[in-house]
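# Structural features, examined
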Amino acid sequence: MSDNAYRLISPSGNEIELPVRSGTTGPDVIDIARLYRDQGVFTYDPGFVATGSCESDITYIDGEKGVLMYRGYPVEQLAANSNFLEVSYLLLHGDLPTSAELEKFDHTIRTHTMLNEGMLNFFKGFRYDAHPMAMLSAVVGSMSAYYHDEMDASNPEHRDIFAHRILAKLPTIAAAAHKLNIGQPFIYPRNDLNYADNLMHMLFAVPAEPYEIDPVAAEALDLLFILHADHEQNCSTSTVRMAGSSGANPYSAIAAGISALWGPAHGGANEAVLTMLEEIGDASQIKKYVEKAKDKSDPFRLMGFGHRVYKNFDPRATIIREMCHKVLDKLDREDTPLFDLARELERVALEDEYFIEKNLYPNVDFYSGIIYRALGIPTSMFTVMFAIGRSVGWTAHWREMISDPKGKIARPRQLYMGPAQRDYVPVEKR
Ligand code: SDX
């Protein structure tokens, strides 16, 4: 018996050994790969609450200590010193770039932001009020129809081209969806603008007059993209890995990730937070809504609170809350009542026994929507902004998964609770 193993006594009394594996940091894992073959039983973990699905070098989270690291760098340091494009290089390639590498990467992204002109026809087919997340997942999925030429997943150069196209073109697609929603003409990207400036330009410029980018707004956007860039095996990232594990076209896998992110329990929460704050209206209603959130018979949950992993503060929420102050002060926006309401809701909730006992703290989505709104971005576009930041994390995980020589198609099992075998009854006898 090795000393680094768990021993299990089966119901029939025989002892089995399950090897333990340790990572660079964080909890050990029990390797159950042979359990079914040796013992004929599955493990059972709905929602994969306690299941490690893969090995990964990309992101580390410690939910108890509120730690988030991208390739070993604490997100606080990256937020204070880096920018989204440099963080994207780090996530995709594993190390911070030299200045020459960063310059080359920046040039590559800037010069791949345009869409195949034929893709713009999709937007003519959507209703003007189509949800931008529906348009984003549809148009990103269509990239597998336009860019199937250079997509041999076993070719590292093709994997780089795929990453560059996703990173470069998502803001253009997102802005096109927004322009459709507001009935304005599509604005082409500009190669002389950096990532966040270009997105602001495509979202808010109009052909009729020059558009001046607010540096505070662009800086806030870039920081939000850093904070949303990756988050280990979250729902949408696991979706990208699972879809990609069958060998599906990676653009389709990213489109699947976008769809998973849309849910209000996941990336759709930032949109749901604003809707919730507007429904609460003012501080006098906070107690009522906190009670609703605690009432098991009421489906209402406090959006932007709670997290599968962070059972203490979400480090991103702390950084975003501080940025809220700066953005609202600098932009002199009238949204401060909304921010004041959010702060009061946070204070009341964090003093409530239920939230304390269940370790429910504000997560990344609680404050981000307030900033997006202060930047003039409509609520329906909030999850699209999340997707732009997370696109590099999805891509980095797809690359890691597809490059794994031991990789296999993801195919979980189940605990079957359906009917025992029974015989067909002809309709006349039913
Ligand atoms: C993101 O995974 C990631 O990393 C996600 C993300 C990322 O970067 O990719 O961080 C981004 O998705 C953040 C989460 C955004 N979602 C929301 O803000 C929606 C509201 N939050 C909840 O839906 C919930 O907290 C989840 C989905 C986020 C987490 O749910 P879990 O881990 O499955 O926990 P749970 O649902 O089992 O809740 C545990 C208890 C339950 O009570 P009991 O059954 O034990 O009595 O806490 C309660 C829940 O009812 N609870 C809440 C609550 N969240 C959990 N009660 C009221 N309001 C809430 N928000």
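Structure report, in brief. All values derive from a computational prediction rather than experimental measurement.

Definitions and cut-offs
- Residues numbered from 1 in each chain as written.
- Predicted model: local features only at pLDDT ≥ 70, side-chain atom pairs only at ≥ 80, totals over all residues.
- Heavy atoms only, no water.
- Phe/Tyr/Trp six-rings, centres within 6.5 Å; stacked < 30°, edge-to-face > 60°.
- Buried < 20%, exposed > 50% of the residue type's maximum accessible area, 1.4 Å probe, protein only.
- Lys NZ or Arg CZ within 6 Å of the ring centre and 35° of its normal.
- Salt bridge = Lys/Arg side-chain N within 4 Å of Asp/Glu carboxyl O.
- Helix = DSSP H or I, 4+ residues; strand = E, 2+ residues; numbered from the N terminus.
- Polar contact = N/O pair within 3.5 Å; in protein donor to acceptor, adjacent residues only side chain to side chain.
- Contact = heavy atoms within 4.5 Å.
- Near = heavy atom within 4 Å.
- Areas by Shrake-Rupley, 256 points an atom, 1.4 Å probe, with all protein chains shown as cover.
- Nonpolar A, V, L, I, M, F, W, Y, C, P; charged D, E, K, R; others polar.
- Pairing = 2+ DSSP bridges.
- Axes fitted to C-alpha atoms, helices over the stretch in contact; angles between N-to-C directions.
- Patch = residues over 30% accessible without salt bridge, like charges linked within 9 Å, V, L, I, M, F, W, Y side chains within 5 Å.
- Expected span 1.5 Å × (residues − 1).
- Core = buried A, V, L, I, M, F, W, Y, C linked by side-chain atoms within 4.5 Å.

### A closer look at the packing of aromatic side chains
Inspection of every chain in the model, using the stated rule, returns 20 aromatic pairs. A ring pair is formed by Phe123 and Phe126, whose centres lie 5.9 Å apart and whose planes are at 70 degrees; its orientation type is edge-to-face. Pairing Phe204 with Tyr211 gives two aromatic rings, centres 6.3 Å apart and planes at 40 degrees, and the pair type is tilted. What makes Phe204 partly exposed here is its relative accessible area of 23%. Here Tyr211 falls in the partly exposed class, since its relative accessible area comes to 28%. Chaining the aromatic ring pairs together yields one cluster made of Phe122, Tyr146, Tyr147, Phe162, Tyr251 and Trp398. When the ring centre of Tyr36 is taken as reference, the NZ or CZ atom of Arg413 above it lies at 6.0 Å.

### Regarding the pattern of salt bridges
Side-chain pairs of opposite charge can arise where the charged atoms are in close proximity. Under the definition given, this model contains 23 salt bridges. A single salt-bridge network, built from bridges that share partners, covers Lys287, Glu291, Lys294 and Asp352.

### Points about the side chain of His158
Tracing the backbone shows His158 in helix α7 (residues 156–182). A relative accessible area of 16% places His158 in the buried class. A polar contact of 2.8 Å, which involves the side chain of His158, links it to the backbone nitrogen of Asp152. Excluding anything up to four places from it in sequence, His158 contacts Asp149, Glu150, Met151 and Asp152.

### Quick look at the site of the ligand
With respect to spatial proximity, 25 residues lie near the ligand, and among them His231, Leu302, His307, Arg316 and Arg390 are the closest. Between the ligand and the protein, one listed contact pairs an oxygen atom with a side-chain N or O atom of His231 at 2.6 Å. Between an oxygen atom of the ligand and a side-chain N or O atom of Asn363, the distance comes to 2.9 Å. Coverage of the ligand by the protein amounts to 77% of the 1,100 Å² it exposes when considered alone. Broken down by class, the residue content of the shell around the ligand amounts to 10 nonpolar, 7 polar and 8 charged.

### Looking at the sheet that holds strand β1 (residues 5–9)
Strand order across the open sheet formed by 3 strands is β1-β2-β3, with antiparallel pairing between neighbours. Edge positions in the sheet fall to β1 and β3 (29–30), since each has one partner strand and no second. Two elements, strand β2 (residues 15–21) and β3, share 2 bridges in a ladder whose sense is antiparallel. Paired with Val20 across the bridge in β3 is Ile30.

### Quick word on the packing of helix α6 (residues 132–146) against helix α18 (residues 382–402)
Packing of α6 against α18 leaves a shortest axis separation of 8 Å and a crossing angle of 35 degrees. Touching Pro132, Met133 and Leu136 of α6 are Thr383, Val384 and Ala387, all from α18. Residue composition of the contact of α6 with α18, grouped by class: 5 nonpolar, 1 polar and no charged.

### What to know about a nonpolar patch on the surface
Together, Tyr6, Ile30 and Ile32 line one region of the surface with nonpolar side chains, adding up to about 270 Å² of accessible area. Tracing the backbone shows Ile32 in the loop between β3 and α1 (35–39). Judged by its relative accessible area of 34%, Ile32 falls in the partly exposed class.

### Section: helix α12 (residues 269–280)
It helps to recall that an α-helix has 3.6 residues per turn; residues three or four apart then point in one direction. Taking 1.5 Å per residue, 12 residues should reach 16 Å; α12 reaches 16 Å between its end C-alpha atoms and fits that length. The element α12 is extensively covered by neighbouring structure, given that 9 of its 12 residues are classed as buried. Close packing links the buried residues of α12 with α13 (286–294), α15 (336–350), α17 (364–374) and α18. Phi turns positive one or two residues past the end of α12, at Gly281, with a value near 80 degrees.

### Digging into the nonpolar core
Side chains of a nonpolar character, in soluble globular proteins, are inclined to be buried together. With 120 residues, the main nonpolar core has Tyr70, Leu136, Val140, Leu221 and Leu302 as its most contacted residues. Looking at this core, the element that brings in the most residues is α7, giving 12 residues. Those residues in contact with Leu136 that lie beyond four places of it in its chain are Leu170, Ile173, Ala174, Ile258, Val384 and Ala387.

### Looking at the side chain of Thr172
By secondary structure assignment, the location of Thr172 is in helix α7. In this structure the side chain of Thr172 is engaged in a polar contact, spanning 2.6 Å, whose partner is the backbone oxygen of Thr113.

### Side note on the pairing of strand β5 (residues 67–70)
Two strands pair when backbone bridges link them, and strand β4 (residues 59–62) and β5 are joined in this way by 4 bridges, in the antiparallel orientation. When the sheet's bridge partners are listed, Thr59 is paired in β5 with Tyr70. Across 2 bridges, the pairing between β5 and strand β6 (residues 73–74) is antiparallel. Looking at the pairing, Met69 lines up with Pro74 of β6.

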